[in-house]
Amino acid sequence: MSRTDDDSGVPPELVARARAGDTDALEALTTRVYPRVRRWCLVHTGDPVDADDLTQDVLVQILRKLPGFRGDSRFTTWLYTVARHAAVDAHRARARRRRAVDHPDADHGVRPSPPLDPLARLERTRAEALLRGLADALPERQREVFELSEFQGHPTAEIAAILGIEPVSVRAHLFKARKALRARVLERHPALVEERP
């Protein structure tokens, strides 16, 4: 590991200081991880308001569990593992509340998030927004794998560690997600596919 722990952009020294209870380091660490955590929460909730609430819960969990982070795995892997467990717990609690009040109709989804460069940036932004919108209908595990692989660029082994599944399962879910999304693009936006050579 060099100056930063990995693609999270979080320097290991910052993590070490935060683990030791340095208040400034804790604040800086929270600021750095907030965008990733919120996007991950949005993947799980599909609703910006629920994502905000869940993000706060996840950040509290991260700060509470940080002293237990020993550096055996990459910080990003640990971060997503904590976030995923908190999201799953929140989802279960929400489902229990819905059952108690009404009937559970969970609506999970992904909202667009911006990417990078003049004309190419515009096209990529539109493509990502389209894919994120279409990914709403994917099963949750496929959506998680697709988000981590395609939008966040994590390798298969790291996704497997984050989600607690085998690498072969990651590849299978990714294959199914891509196939389903391609079918939806062909069905709803055939011109996009026809434009490609």
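Everything here concerns the structure above.
Residues numbered from 1 in each chain as written. Predicted model: local features only at pLDDT ≥ 70, side-chain atom pairs only at ≥ 80, totals over all residues. Heavy atoms only, no water.

1. Here's the deal with helix α1 (residues 12-19)
What α1 keeps buried is the set Leu14, Val15 and Ala18. Angularly, the buried residues of α1 cover 100 degrees about the axis, an arc narrow enough to put them on a single face. Positioned one or two residues after α1, glycine 21 has a phi angle of 95 degrees, which is positive. (Buried < 20%, exposed > 50% of the residue type's maximum accessible area, 1.4 Å probe, protein only. Helix = DSSP H or I, 4+ residues; strand = E, 2+ residues; numbered from the N terminus. Arc of directions from axis to C-beta.)

2. Brief notes about helix α2 (residues 23-45)
At tyrosine 34, α2 shows its maximal bend, which comes to roughly 45 degrees, and the proline proline 35 appears one to four places after that position. For α2, the full list of buried residues reads Ala25, Leu29, Val33, Arg36, Val37, Trp40, Cys41, Leu42, Val43, His44 and Thr45. A positive backbone phi angle near 75 degrees is found at glycine 46, which sits one or two residues after α2. (Bend = angle between axes of the 7 residues up to and from the residue.)

3. A short note on the nonpolar core
Counting residues in hydrophobic clusters, the biggest one holds 44 residues, and the most contacted among them are Leu29 and Phe75. Mapped by element, the contributors of at least two residues to this core are α1, α2, α3 (48-65), α4 (75-101), α6 (140-151), α7 (156-163) and α8 (167-188). Per element, the largest residue contribution to this core is 9 residues, and it comes from α4. (Core = buried A, V, L, I, M, F, W, Y, C linked by side-chain atoms within 4.5 Å.)

4. Quick word on the packing of α6 against α7
Their axes nearest at 10 Å, the elements α6 and α7 cross at an angle of 135 degrees. Of the possible angle classes, the one that applies to α6 and α7 is oblique. Relative to α7, α6 is oriented so that their crossing is right-handed. Of the residues in α7, those in contact with Arg141, Glu144, Val145, Leu148 and Ser149 of α6 are Ile159, Ile162 and Leu163. Split by residue class, the contact of α6 with α7 holds 5 nonpolar, 1 polar and 2 charged. (Axes fitted to C-alpha atoms, helices over the stretch in contact; angles between N-to-C directions. Parallel < 35°, antiparallel > 145°, perpendicular 65-115°, else oblique. Left-handed = near helix turned anticlockwise from the far one by under 90°. Contact = heavy atoms within 4.5 Å. Nonpolar A, V, L, I, M, F, W, Y, C, P; charged D, E, K, R; others polar.)

Nothing here speaks to function; it is all geometry.
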